[in-house]
Amino acid sequence: MGRRISAYGLTFSLPMLIWQLLFFVFPLVFLIALSFWTVRNFRMQPDFDTVNWTTMYGRAIFWQAYGTTLALAAGAAVLTSLLAFPVAYAISFKLSDRARRWAIMLMVIPFFTSYLVRIYSWQVFLSDAGIINVMLGWIGLGPYGLLNTPGATLLGFVTLAFPLVVLLQLFSLIFIDRTLIEAAHNMRCGRLRTVFAVVIPSARVGLVIAALFAFILSFGDFVSPIYLGGGDPTTLSILITDTTKSGQQWPRAAVIALTMIVTLMAVAFLSIRFAYRGRK
Amino acid sequence: MSTENPANRNPVVNGALKLYVVLAYLFVFAPILASFVFSFNADRFPSIPLGGFSTEWYRAVASDPLVWEGLRNTLLVGVVVSVISTVLGFGAAYTDYRYNFLGKQIYLALALLPPTIPVVIMGLAMLAFLSRVNLSGDALAVIIAHVVICSPFAMAVIRLRLSQMDPSLEPAAWNLGASEWAAMRHVVIPFCRPAILGALFVTMAVSFDEFAIAWFVSGLNETLPVKVLGFLQGQVSPRINAIGSFVFVTTMTLLILAQLLLGRPDATKKENAS
Amino acid sequence: MTQDPLVSFEGVAKRFGTYTAVQKMDLDIRQGEFLALMGSSGCGKTTTLRMLAGLEAPSEGIIRLSGKPINDLPSWSRDTPMVWQSLALFPFLSVIENVEFALKMRGMGRAERRARAEQWLDRMQIAEFADRNISQLSGGQRQRVALARSLVVEPQILLLDEPLSALDAALKVRMQSVLKQLQRETGITFVYVTHSQSEAFSMADRVVIMSRGRIEQIGTPQEIYRTPRTRFVADFLGSSNIFPGTLQADAQGRAAIATDSGTFLLDGQHGAAGQAASLTVLDTRMQVHEQRPAPGVNAVEARMIGEEFTGATATLYFETPRGQEIRVQKSHEDLADLSVAMGRSFHLSWSPADSHLVHE
Amino acid sequence: MTQDPLVSFEGVAKRFGTYTAVQKMDLDIRQGEFLALMGSSGCGKTTTLRMLAGLEAPSEGIIRLSGKPINDLPSWSRDTPMVWQSLALFPFLSVIENVEFALKMRGMGRAERRARAEQWLDRMQIAEFADRNISQLSGGQRQRVALARSLVVEPQILLLDEPLSALDAALKVRMQSVLKQLQRETGITFVYVTHSQSEAFSMADRVVIMSRGRIEQIGTPQEIYRTPRTRFVADFLGSSNIFPGTLQADAQGRAAIATDSGTFLLDGQHGAAGQAASLTVLDTRMQVHEQRPAPGVNAVEARMIGEEFTGATATLYFETPRGQEIRVQKSHEDLADLSVAMGRSFHLSWSPADSHLVHE
Amino acid sequence: APTELTMLAWYGHAEPDMVAEFEAANNVKFVPKYYTGGDNMLGLISQSPPGTFDVILSDAEYVQQLNAAGYIEPLDPADYAFDEFFPEFQKFPGHWDGDTLYSVITRFGFLGVAYNTDALTEAEASTYDVFWDPRLTAKVGHFDWHLPNLGQMSLLNGNPSPYDIDEAAWEAVKEKTLTLRPQVGGFFDYGGTFSSLDNGQMLAFAGIGDWITGTLERSGAKVRSVIPEQGGLQWTESFSIGKGSAKADLARAWIQYVTSAQGQAKSAQMAAYPALIPNQKGWEVLNAENPAEAKRQGMVDGPGSAIDLIRTGRIQYRQLPVQQSLEDWNDFWSDYKGA
Ligand SMILES: Nc1ncnc2c1ncn2[C@@H]1O[C@H](COP(=O)(O)OP(=O)(O)OP(=O)(O)O)[C@@H](O)[C@H]1O
Ligand SMILES: Nc1ncnc2c1ncn2[C@@H]1O[C@H](COP(=O)(O)OP(=O)(O)OP(=O)(O)O)[C@@H](O)[C@H]1O
Ligand SMILES: NCCCCNCCCN
Ligand SMILES: [Mg+2]
Ligand SMILES: [Mg+2]
């Protein structure tokens, strides 16, 4: 087994390789090429000009959007992780097997509901005359401006990432060796302290990966910043759309997209390194 | 754990945790349930108090030929995507399971990376590329793009199943006189059947709800989720809720079917045998 | 032996749902003894240990430590450190951090606990690995870390749940003597759960044999090996052949037992005639003959059905015409004179003095 | 024994990358014999078997089956069925479909293959389970299905890779006799890989002991047990005490060996004086005395460091002042006269006739 | 089977209320692709093979871009009933290149101040300065496109030709615009504009007009648009035939139909969003069919009518910047959003 790849082996290996080369790698490579093209008379032309890079990197708004997006995505990763952890913890450790199966089933459902629909639905909750403000009104509070705020954008990101983060955390918590927790109790480590001394270190890889996914999803999302954030502040995904509004400036959009990809790869690399730090 | 020593348990803490879990699920389900409710609300712009009960939006959706066409596209794309993704995913999973070769890490990266690229970027890159090779603008383009992001899911599901397969099962078949192809047909595929079905359903569900990439590359042949995006961007109509509820029910049905097929009690029992 | 017990179980039972894992158990564990808990899988050994450590709550009864009931004490308020079969070392901590853990939980200062931990690493001869990752240690080294981690608080009692079962044979023997010596030197009470008869018998002062949640017999290794009290114990030790039957007197009025395979003489052991009982004979005490042996010994004819070679000794398996299996253990020297062959019939004999009687 | 071998390995080597799993092996397997392959983990047993089954290609050398080289034959064109340690039964097929599998692959018609399969199920006494799922069978029943599945093609040779290692002790012994009997009745050549000395020694006609990809010794069980040819074999069997030393003549000119623990007499075995060699003594052949034994026997003083209780016999562990470990195996009866206690010094002796010499 | 005719348009133009009659009469079936912004439309065309779209609807600014990029066919002016159009629309700038016609105007509308009638009176809303009203802090919405918004700012700064301004005036526009930033509650696409006006999230909006508020009004929302004292902007929608269309004849027939008096009346009342129409005869038909809507939109003869507003100079065309590049405007818009 596993020596050389035969005709038989190639039959199975090649289709995926060819498909992803043609339709995944080439598009990404093309995106790189595109970033050096120029636009004349509202038409893109093959070229090798660094003007798109220098223009985009020379604009304050680009770096500002970059910072905003980074901060919002990092915020979403942290916030979602913090909000999700007690849920994942309770499901793993405090529920019966039956209840746990149900909880997991229910947490899978959001993956199968349109994200757009859920975001649209949040608008109805958050608007000045929306469900939340009406309910606050009953107890004499508000109305508060909830919609079209960075907080609402974050809420959208949390909506997007929360179920996935809960599930990823859950799967790393469930597989923690229970005897480690018992061993800690057995050595005078109380409940809460065990969470920090044993549970979190044991599940570190899963927790970091979950946060990473929250980051990736939020970093590229354009739905929440527009429909809950009111397009303000500008995120990189909004800037991509904006850029194309000066007459087919797709090459500049490609610069933004490539910068996003490199950033994501760097973040992924660093967090995975951090997750496995000190592990064999 | 349910059998935990009560002396090690604090009912207040546990109660608070469980309450928090309930709240978290409320948070997750609030928008989903609200969209259900508003899909039956007579007002065009949903707000509270609710307007009258109405199935108008369902009627509007049902009588909109574009929605039907979108649905047809979605189903067509979904079915084709799930088949191709599962075939590709199976091949890649089997390659990873069976072979070791130089550059395997790169192969696996290619096979697994696409879902981590933000959809806007994927959509843009796809459109830019596919249009260069005259593939953009129809269902084929959506199929191509969706296979790129769906096949990793298929691969993951099937790879998981393969890792439960006794590594000597295939050699055992060879040893009993089955050629590689015969062993594939009589051993590997039967063993993976539940995962193959699961992969078909999962990839179909992913394709069924994908709008961002499809928006870029679908051109005239929009899929249903792209229509929803259109409704959201261009009209803001409770049809969104009606379609959303419909898509939700459909994908849930697929999911439950997949669950039933994957988790069939006798399938798991058989598994334990190996 | 009249001193107060360190631990006592008083009518302790443990139920999981409707399943009873431990039934009304009364057990005293003496200060400073090495007590082994044995029994077949699922008989409740681990559950017993876990109740003592506070990881399970008894459904009934009281557990006392030094006379005080501890039922309601949470796990982390008891000083009953445990060594797990899986060791349960913290993989995200270094060796010395593992050993320091319990001291840290007790709020001991950094310098002091480091010193204490180092002292125990020294004692367990693993000081050189202090800063290693757990994953970089061999099985035996991990075992020592687990011991150091539990012993560093210098407890009165140490609970061990099959601590050696993951080790290979040679290492197991070596760790056994480490453990035994440690127990002697520190005087700490050891409660040691094991599946292995050889482990229990060579290390323990007293052995508890459990079956289906009940204690079948408590005694020194010798007592248990030579005089199993119940049929279960004899079966469990596996070193005896067992003939179920009914007590009676033989023609000459001597005590005897009527079994499926014949009526056999006993040596001064009795009970009321007609009573059901089982005759047990250690497999090392059976002789194999090609000819029928002289009367005065108990004998039975049987067909050889298997042979197991174990280096120094061989175990022969026979079957009587009535389907009873009989095992005989012999040295190769003893067997050299016999032409053993599968399927052949032999005469098996034993002296009445080697007959032992057990009741159900 | 002069008949042509059924299988021969001629200078066969197998490398994985730079690692050599099997080194230039020459081995003849005779028609109809029961050959056991033994050796420590990773020594190349499975690799040898897999090369024969065509699951690995030799890096060097030729493998012949009935005289014809088979190196280039794919696995599925050889008739070398194998029984896996994991059994590798097809979980999605019923019992009878499993057994039919090989026949189906050979293109045999439905009716005929069903009949053949049923015949083998009968023979293995599992006919009643024909339509069951594999998961519904016990371990022993599965074992029989695996055997039937391989035997149904009525091969000349059957390869078995630790087929019993997953079974519990009692079942293992029972399956051993099933296997042995089957081999005798069918006359099929068995090549049997095992870790277990007792399995190899009680079943095989010849045993191959391997170490690090090389064959250390081939012989009957008796030959190997009594006269290990190399230090490795003696070590591996674990039943001998080994004293490395240098050959010399003693004061009286008798053959002797000078070791760290003293100079010991040999019994007619020799080599050139000054040559390095090791003395081995079976652990059952050593005596333990409280007093120094009379001269004429070899003796050494040692401190007792451990005791292992194994039912019929006990193994005592000693250490000489020079740090050599010595193992002695005795029945409990023999030990009854000794006051064994950890740490005490004893005299250990053995007769020159029980001394055996091995070279590295 | 009916012939398929592809249309690239804003949402609504190929809905049954608009096309059913034409489809039945010509055995045609429209296949629409709706876009949500001109750039989005351009992107789609540029990435699609020639001939993909038979009929293309676009705003005047984009007709220029479509033409420059060669995406549309020249038209024969004789084919269309320009003589029925108000003179202002007979040779509409941007639709012609010299004497060559590229696109036929079908609808237009005015952009002014959109406001919530509960929050502001018409008088208050009748100046762009109202956007700076403290009551509107964080309640002013922008339709997220630079041209209409910056054009309105330019009007406010008193530029008679808001898109043809020199550097100094451009700097002044930018400066003025930036002072509005603290008032802004968000930047919205079409859908977002709709919902935030409807649910009261935004109380005033820049860059839009009756095409949004009229739709909302029809479903009972308390919003209106007004042309402020500084004047309003005018948007247009016109039809072109896509380059390489294989069904140019049918496409032409459609354009003829929708620019005819009957088609125009239909267009004015389009279900998706209302608009003014350039065909004078169309006004007559509309007044006969639906006088209320004609009145609401100001398509009645006399002072204050839509055409009167144009003729009195209250309305300027929305167009591409003349002295600056489109990028300059767009880049400033991005900077403004990020400010
Ligand atoms: N948490 C639990 N829930 C339900 N049943 C349990 C639980 N823990 C143990 N049991 C059952 O209680 C019985 C005793 O278990 P215990 O672990 O004490 O056995 P043991 O003697 O340690 O066995 P082993 O030698 O296999 O470790 C078993 O039948 C087991 O299945
Ligand atoms: N496919 C492979 N690639 C690399 N090394 C291998 C491979 N298969 C076996 N080896 C190595 O070859 C050596 C011999 O392996 P083999 O499986 O034959 O040992 P074995 O004697 O059967 O051991 P065990 O008793 O543990 O089954 C081992 O060191 C093993 O790690
Ligand atoms: N549904 C789209 C409405 C199109 C209006 N076109 C003109 C837009 C002016 N900003
Ligand atoms: Mg246990
Ligand atoms: Mg092996």
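Residues numbered from 1 in each chain as written. Chains lettered and ligands numbered in written order. Predicted model: local features only at pLDDT ≥ 70, side-chain atom pairs only at ≥ 80, totals over all residues. Heavy atoms only, no water.

A.B. asks: Just to check I follow, could you spell out the interface of chain B and chain A for this structure?
C.D. replies: Size of an interface: often given as the accessible area lost when the parts come together. Facing the 86 residues of chain B at the interface are 82 residues of chain A. In this assembly, chain B packs against chain A so that about 7,600 Å² is buried in total across both faces, 80% of it on carbon and sulfur atoms. Counting across the chain B and chain A interface gives zero salt bridges. Applying the counting criterion to the chain B and chain A interface returns ten residue pairs in polar contact (both at pLDDT 80 or more). Here the element with the most residues in the side of chain B that touches chain A is helix 1 (residues 11-38) of chain B; it accounts for 16 residues. Taken together, the residues of the side of chain B that touches chain A break down into 63 nonpolar, 15 polar and eight charged. (Contact = heavy atoms within 4.5 Å. Buried area = accessible area lost by both parts, 1.4 Å probe. Salt bridge = Lys/Arg side-chain N within 4 Å of Asp/Glu carboxyl O. Polar contact = N/O pair within 3.5 Å; in protein donor to acceptor, adjacent residues only side chain to side chain. Helix = DSSP H or I, 4+ residues; strand = E, 2+ residues; numbered from the N terminus. Nonpolar A, V, L, I, M, F, W, Y, C, P; charged D, E, K, R; others polar.)

A.B. asks: I tried to follow the confidence of the model for chain C on my own but got confused; where do I start?
C.D. replies: If pLDDT is low for a region, its predicted coordinates should not be looked at in detail. Chain-level statistics for chain C give a pLDDT mean of 88 and a share of 96% at 70 or above. Here helix 9 (residues 332-336) of chain C stands out as the least confident element of chain C, with mean pLDDT 71; strand 8 (residues 189-193) of chain C is the most confident, with 96. (pLDDT = per-residue confidence, 0-100.)

A.B. asks: What am I meant to see in the interface of chain A and chain E here?
C.D. replies: Of the residues lining the interface, 31 residues belong to chain A; the matching set on chain E comes to 34 residues. Our count for the chain A to chain E interface comes out at seven salt bridges. For D331 of chain E, the salt bridge is made with R59 of chain A, and the minimal N-O distance between the two is 3.1 Å. At the junction of chain A and chain E, the tally comes to eleven residue pairs in polar contact (both at pLDDT 80 or more).

A.B. asks: Help me out: how do you make sense of a nonpolar patch on the surface in this one?
C.D. replies: Residue and element names in this part refer to chain A. Side chains of L10, L14, I18, L22 and F26 sit close together on the surface and give an oily, nonpolar patch of about 380 Å² of accessible area. Checked against the element boundaries, L14 lands in helix 1 (residues 7-34). Of the residues examined, L14 reaches a relative accessible area of 32% and is grouped as partly exposed. (Patch = residues over 30% accessible without salt bridge, like charges linked within 9 Å, V, L, I, M, F, W, Y side chains within 5 Å. Areas by Shrake-Rupley, 256 points an atom, 1.4 Å probe, with all protein chains shown as cover. Buried < 20%, exposed > 50% of the residue type's maximum accessible area, 1.4 Å probe, protein only.)

A.B. asks: Could you clarify how one ought to interpret the site of ligand 1 in this entry?
C.D. replies: Surrounding ligand 1, one finds 13 residues, the nearest of these being S41, G42, K45, T46 and T47 of chain C. Residues near ligand 1 are shared among chains B and C, making this a multi-chain site. One of the side-chain N or O atoms of T46 of chain C is found 2.5 Å from an oxygen atom in ligand 1. A distance of 2.5 Å separates an oxygen atom of ligand 1 from a polar side-chain atom of T47 of chain C. Across the complex, the protein chains shield 65% of the 630 Å² of accessible surface that ligand 1 would expose by itself. When contributions to the shell around ligand 1 are tallied by element, the ones reaching two or more residues are strand 2 (19-29) and helix 1 (45-53) of chain C. Element by element, the count of residues in the shell around ligand 1 is highest for helix 1 of chain C, at three residues. Split by residue class, the shell around ligand 1 holds four nonpolar, seven polar and two charged. (Near = heavy atom within 4 Å.)

A.B. asks: Got a minute to help me understand unusual backbone geometry in this structure?
C.D. replies: Glycine aside, the phi torsion of most residues is negative, and most peptide linkages are trans. In this chain, D232 of chain A is followed by P233 of chain A through a cis amide linkage whose omega measures 5°. Relative to the helices and strands, P233 of chain A resides in the loop between helix 11 (223-227) and helix 12 (236-243). Of note in this structure, R188 of chain A is not a glycine but carries a positive phi near 70°. By the element assignment, R188 of chain A lies in the loop between helix 8 (178-186) and helix 9 (191-202). Since its relative accessible area comes to 28%, R188 of chain A is described here as partly exposed. The backbone of R212 of chain D shows a phi angle near 40°, a positive value even though the residue is not glycine. Its location among the elements puts R212 of chain D in the loop between strand 9 (206-211) and strand 10 (214-219).

A.B. asks: Mind showing me how you'd approach the packing of helix 3 (residues 65-98) of chain B against helix 6 (residues 139-162) of chain B here?
C.D. replies: Each pair of packed helices gets described by two things: the angle between the helix axes and the distance between those axes. Residue and element names in this part refer to chain B. Between helix 3 and helix 6, the shortest axis-to-axis distance is 6 Å and the interhelical angle comes to 40°. Viewed along their axes, helix 3 and helix 6 adopt a mutual orientation that is oblique. Our pair here, helix 3 against helix 6, has a crossing hand that is right-handed. Taken together, the residues of the contact of helix 3 with helix 6 sort by class into 20 nonpolar, five polar and two charged. (Axes fitted to C-alpha atoms, helices over the stretch in contact; angles between N-to-C directions. Parallel < 35°, antiparallel > 145°, perpendicular 65-115°, else oblique. Left-handed = near helix turned anticlockwise from the far one by under 90°.)

A.B. asks: Whenever I open this one, a negative patch on the surface confuses me. Can you help?
C.D. replies: Residues and elements named next belong to chain C. On the surface, E97, E118, D122 and D131 cluster together into a patch of negative charge. Here D131 shows up in the loop between helix 3 (110-123) and helix 4 (139-151). Take D131: its relative accessible area is 65%, and that puts it in the exposed class. (Lys, Arg positive; Asp, Glu negative; His and termini not counted. Charge placed at Lys NZ, Arg CZ, Asp CG, Glu CD.)

A.B. asks: Which parts of the structure should I look at to understand the nonpolar core?
C.D. replies: Looking at soluble globular proteins, one finds that nonpolar side chains tend to be buried together. L31 of chain A, Y94 of chain B together with F90 and F101 of chain C are the most contacted members of the largest nonpolar core, which totals 351 residues. Each residue touching F101 of chain C, except ones within four places of it in the same chain, is listed here: A184, M187, C189, A197 and V198 of chain A together with F90 and L93 of chain C. Counting 125 residues, the second-largest nonpolar core is a separate cluster that includes V130, W145, L156 and I241 of chain E. (Core = buried A, V, L, I, M, F, W, Y, C linked by side-chain atoms within 4.5 Å.)

A.B. asks: What is the right way to read helix 1 (residues 16-26) of chain E from this model?
C.D. replies: Helical geometry note: an α-helix holds 3.6 residues per turn, so side chains three or four residues apart project in the same direction. Residue and element names in this part refer to chain E. All of the buried residues along helix 1 are M18, V19, F22 and E23. The buried residues of helix 1 occupy an angular sector of 105° when projected down its axis, which confines them to one face. Facing away from the buried side of helix 1, by more than 90 degrees, are the exposed residues P16, A24 and A25. On its buried face, helix 1 is in contact with strand 2 (28-35), helix 8 (248-259) and helix 9 (261-268). (Arc of directions from axis to C-beta.)

A.B. asks: Please explain empty space enclosed by the protein as it appears in this structure.
C.D. replies: Left-over empty space is what a probe sized like a water molecule reveals as it rolls over the atoms. Counted under the stated rule, the structure contains 14 cavities of 30 Å³ or more. In this structure, the largest cavity spans a volume of roughly 690 Å³. Along its surface, the largest cavity is lined by 34 residues, and T241 and K245 of chain A, Q233 of chain B together with T36 and N40 of chain E are the ones closest to its centre. (1 Å grid on protein atoms, 1.4 Å probe; cavity = no way out; pocket = protein on both sides within 12 Å on 5 of 7 lines; lining within 4 Å. Points joined across faces, edges and corners; volume = space filled by probe spheres on them.)

A.B. asks: I tried to follow the site of ligand 3 on my own but got confused; where do I start?
C.D. replies: Residue and element names in this part refer to chain E. Neighbouring ligand 3 are the residues W10, Y11, D59, F143, Y190, W211, W235, E237, Y273 and R318. The contact in question runs from a nitrogen atom of ligand 3 to an N or O atom on the side chain of E237, over 3.1 Å. Across the complex, the protein chains shield 100% of the 330 Å² of accessible surface that ligand 3 would expose by itself. A breakdown of the residues in the shell around ligand 3 according to their chemical character gives seven nonpolar, no polar and three charged.

A.B. asks: I tried to follow the packing of aromatic side chains on my own but got confused; where do I start?
C.D. replies: The geometry of an aromatic ring pair is captured by the separation of the ring centres together with the interplanar angle, meaning the angle of the planes. Applying the stated criterion across every chain yields a total of 82 aromatic pairs over all chains. Look at F187 of chain E and Y336 of chain E: their rings are 6.0 Å apart centre to centre, the planes differ by 85°, and that puts the pair in the edge-to-face class. Taken together, the residues F187 of chain E in strand 8 (residues 184-188) and Y336 of chain E in helix 13 (residues 326-338) connect sequence positions 149 residues apart. Residue classification places F187 of chain E among the buried residues on the basis of a relative accessible area of 2%. Connected via pairs of aromatic rings, a cluster forms that spans Y8 and F12 of chain A together with F90, Y94, Y97, Y99 and W181 of chain B. Sitting over the face of the ring of F90 of chain D, R149 of chain D holds its NZ or CZ atom 4.8 Å from the ring centroid. (Phe/Tyr/Trp six-rings, centres within 6.5 Å; stacked < 30°, edge-to-face > 60°. Lys NZ or Arg CZ within 6 Å of the ring centre and 35° of its normal.)

A.B. asks: It is not clear to me how the pairing of strand 1 (residues 3-10) of chain E should be interpreted in this structure. Could you clarify?
C.D. replies: For a regular strand, side chains alternate in direction, first toward one face of the sheet and then toward the other. Residues and elements named next belong to chain E. Among the eight residues of strand 1, six are classified as buried, and the element is accordingly described as predominantly covered. Note on the crossover from strand 1 through helix 1 to strand 2: the handedness is right-handed. Across two bridges, the pairing between strand 1 and strand 3 (residues 55-58) is parallel. When the bridges of strand 3 are listed, M7 appears paired with V55. (Right-handed = clockwise from strand over helix to strand, strands pointing away. Pairing = 2+ DSSP bridges.)

A.B. asks: So what exactly am I meant to see when it comes to the pattern of salt bridges here?
C.D. replies: The full count for this structure, using the stated rule, is 69 salt bridges over all chains. D232 of chain A is the salt-bridge partner of R181 of chain E, the closest N and O atoms lying 2.6 Å from each other. Pair noted here: R181 of chain E is in the loop between helix 5 (167-180) and strand 8 and D232 of chain A is in the loop between helix 11 and helix 12, and the two residues belong to different chains. Across the pair K222 of chain E and D118 of chain E runs a salt bridge whose closest N-O atoms are separated by 3.7 Å.

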